[in-house]
Amino acid sequence: MKRAATIAFLLCVCGISLGQNFNVGITFQYHILKQVSVEGNTIFPTSSYNYYNIIDNNWKFFSAGQSIVIGVVGQLDYKRLYFAFEPSFELNTYDYVVSYSLSSNSAEKISFKTTMMQYDFPVYAGYQFGSSNLLRYSLFGGISVVVPFVINSALYNVNTDTKLTDRYGAYDMRDVLYTNEVYWNGLVGIGFHYASLFKVDIRYTRRLGSPGDVYKATFNTVGVGLTYYLPIRILKQKIYYEN
Amino acid sequence: MKIRIIPLLLSLLVSCNLPPESGRIFFYGNDTAVEIGSKGISLGADFVFEADVIVLAGNSRDIVYTYAEQQDLLFTGDGQYVVNNLSVVELSPRTVGSTVILVDQSGSYDSADAMNYRSKLINQFTHDLGNATNFLLGAFSSQGNLNLEPAEYGTTEFTSDSDAVMPYLFELPSRVGGISTLYDAMISGIDRLRSVSGSRTLLVLAHDLDSVSIASENDVIAAAVLNQVRVDIIYVGNTKGTNPLAKISQQTGGLFSLCSSDREMITTFNHLNVLYEQPMVTLHMQVKFTPASGPLGSGVDTFHLLTLHDPIADTDFNPVMIFVKTP
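Residues numbered from 1 in each chain as written. Chains lettered and ligands numbered in written order. Predicted model: local features only at pLDDT ≥ 70, side-chain atom pairs only at ≥ 80, totals over all residues.

Draft legend 1. The arrangement of the overall build of chain B in detail. Helix and strand content of chain B: seven helices and 15 strands. Its C-alpha atoms give chain B principal-axis dimensions of roughly 90 × 50 × 35 Å. Across the 327 residues in chain B, those meeting the buried criterion constitute 46%. (Helix = DSSP H or I, 4+ residues; strand = E, 2+ residues; numbered from the N terminus. Buried ≥ 20, exposed ≤ 12 C-beta atoms within 10 Å, placed from the backbone.)

Draft legend 2. Inspection of the overall build of chain A at higher detail. When helices and strands are counted, chain A shows two helices and 12 strands. Reading the secondary structure of chain A in the N-to-C direction produces α-β-β-β-β-β-β-β-β-β-α-β-β-β. Residues classed as buried in chain A amount to 38% of the 243 residues present. When contacts within chain A are restricted to residue pairs at least 6 apart in sequence, those whose partners lie at least 24 apart make up 69%. (Contact = placed C-beta atoms within 7 Å.)

Draft legend 3. Region of interest: the interface of chain A and chain B. Chain A puts 18 residues into the contact, and the matching count from chain B is 30 residues. Taken together, the elements giving at least two residues each to the side of chain A that touches chain B come down to β7 (88–103), β9 (135–156) and α2 (164–167) of chain A. Among the residues making up the side of chain A that touches chain B, the classes are represented as eight nonpolar, eight polar and two charged. (Nonpolar A, V, L, I, M, F, W, Y, C, P; charged D, E, K, R; others polar.)

Draft legend 4. Expanded view of the pairing of β9(A). Residue and element names in this part refer to chain A. Where strand β8 (residues 106–129) and β9 come together, 19 bridges link them in antiparallel fashion. The residue bridging Q128 from the neighbouring strand is S138, located in β9. Sheet topology places β9 next to strand β10 (residues 183–194); 12 bridges connect them, and they run antiparallel. Bridging across to β10, R136 finds its partner in H193. (Pairing = 2+ DSSP bridges.)

Draft legend 5. A look at unusual backbone geometry. Cis geometry is adopted by the peptide bond preceding P150(B), which originates at E149(B) and carries an omega value of 5°. Its place among the elements puts P150(B) in the loop between β7 (135–140) and β8 (151–153). Phi angles above zero are rare outside glycine, and K79(A) is one such case at about 50°. Examined against the element boundaries, K79(A) turns out to sit in the loop between β5 (67–78) and β6 (81–85). The class for K79(A) is partly exposed, based on 13 C-beta atoms found within 10 Å. For N116(B), which is not glycine, the phi dihedral falls at a positive 50°.

Draft legend 6. The arrangement of helix α6 (residues 243–251) of chain B in detail. All names here are of chain B. For α6, a buried count of seven out of nine residues is recorded, marking the element as mostly surrounded by other parts of the structure. Listed as buried for α6 are P244, L245, A246, K247, I248, S249 and Q250. Tucked inside the fold, the buried residues of α6 contact β1 (32–43), α5 (217–226), β10 (229–236), β11 (256–259), β13 (301–310) and β15 (320–325). G253 occupies a position one or two residues after α6 and carries a positive phi of about 80°.

Draft legend 7. Geometry of the packing of α5(B) against α6(B). All names here are of chain B. Look at α5 against α6: their axes get within 9 Å of each other, and the N-to-C directions meet at 15°. Comparing their axes, α6 and α5 come out roughly parallel. Between α5 and α6 the crossing geometry is right-handed. Here α5 contributes E217, V220, I221 and V225 to the contact with α6, which in turn contributes P244, K247, I248 and Q251. In terms of residue class, the contact of α5 with α6 is made up of five nonpolar, one polar and two charged. (Axes fitted to C-alpha atoms, helices over the stretch in contact; angles between N-to-C directions. Parallel < 35°, antiparallel > 145°, perpendicular 65-115°, else oblique. Left-handed = near helix turned anticlockwise from the far one by under 90°.)

Draft legend 8. A look at the nonpolar core. Ranked by size, the top nonpolar core spans 113 residues in total, and within it V53(B) and M186(B) carry the most contacts. Ranked by size, the runner-up nonpolar core spans nine residues in total, among them L76(A), F85(A), Y124(A) and L187(A). (Core = buried A, V, L, I, M, F, W, Y, C linked by C-beta atoms within 7 Å.)

Keep in mind these numbers describe shape, not what the thing actually does.
What follows is the structure in structure tokens.
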């Protein structure tokens, strides 16, 4: 955490002194394409005596969870490169479906829904193409420190059975799909810029490491971001054009 | 400073919503009456016997109810009953020792345990046993989906590693079918227990009656007594045809839990380890039975159905089947 903050600070300081342009903006992101995957065939939770079968590790639109992100951006342009620090607040949900065997021909599907508030501190670098135009695009990549707080863990099934918690533990996915420990994300994306005014990007985020030690869980997310740069330097605003 | 305090407070608030790190989910059941033991006292024109019944609280794992009074006991049988005395006594703990757990795989659990509580309850029980107790988990049926008849076992040897048997245990619900081989399976379990020293317990979870076994209930009793095996039986279903089960458990010093539904099964399993390890506070009753058909002879098997009324909830507990042999 301290290391990330130091890096970000140094980037800002060095960037402002060395860079050609320093922008500040706000960003909104919406992540709807997600994959939650747990390695193996079964999950034995430590908070109940259940035993779940892993049945669905696929990518999903909406139904594997969603994320809404709002944050601020500090971006330094240096020729074709740019460096950004994007401290954000994220409301992050995951849905993960497992099954529990009932008899020889039936099993109950249970969906665990985890809701987290989290602070993200992404730092990334990008490279712009077609930088002599107003409209240009870039590829970027970096890492993010994530400070999560699990605010709710619920479960439900297709029948919306209200007595589901009599049989299964709402916290059965603790240490499997979530903890309250700080973790890292890796991110890459492609951005479409309009001068230094705003940027639309599509970004892929992957959690680095697994929440628990016993089960290897991976989290992949694809979302869309919109960054609007504040016109704080409007009188001196210069758009970088390649020589 | 303020900026630091806000996320700290926020994280504290959120952390308070998380459950404690230790402790697992509790499965709620119904309050359940379980027969612990009985014996004949005197035989004349009337037959006087004593019985011990324990009433387990459905919302706990170690609380028993002792508030019943004489008027709350209703016996049903071929004769008249008078409760001479009802008291609360403490019985010594039952040493568990090595345990064979047998699960009935016959037929279907659609009516007895549709939500498959049994797998998680047995899982809970094997974890409750701890590392000091060895157990062997098996299942029984005939013409069903098991690989061996009358019983197959999840491991070749006794183990105390609960996690090791979980895959087998939770695979069993997908392999139900066939017919019950209860008595032959009990003989098989007793045979397995012969090889271990110390206390021996055979715990049977059944929901169907036996009609195909070569062995009879008397064979089971003889084998259990010979090998000093206590047979505890948890049966999910109605009272019909359960007399032999009551007899087996009584003759071998075991308990008999006649569960009307999965809710009583849950409570029995929730309390099982406490029943094994701690002194039991039971309702001890002395009953005078006057048979309608005249005086009984010596060594006669008698069965008595007890319905215990809960005066607080104004409901009846599950029925208790009591077996007593006349002296």
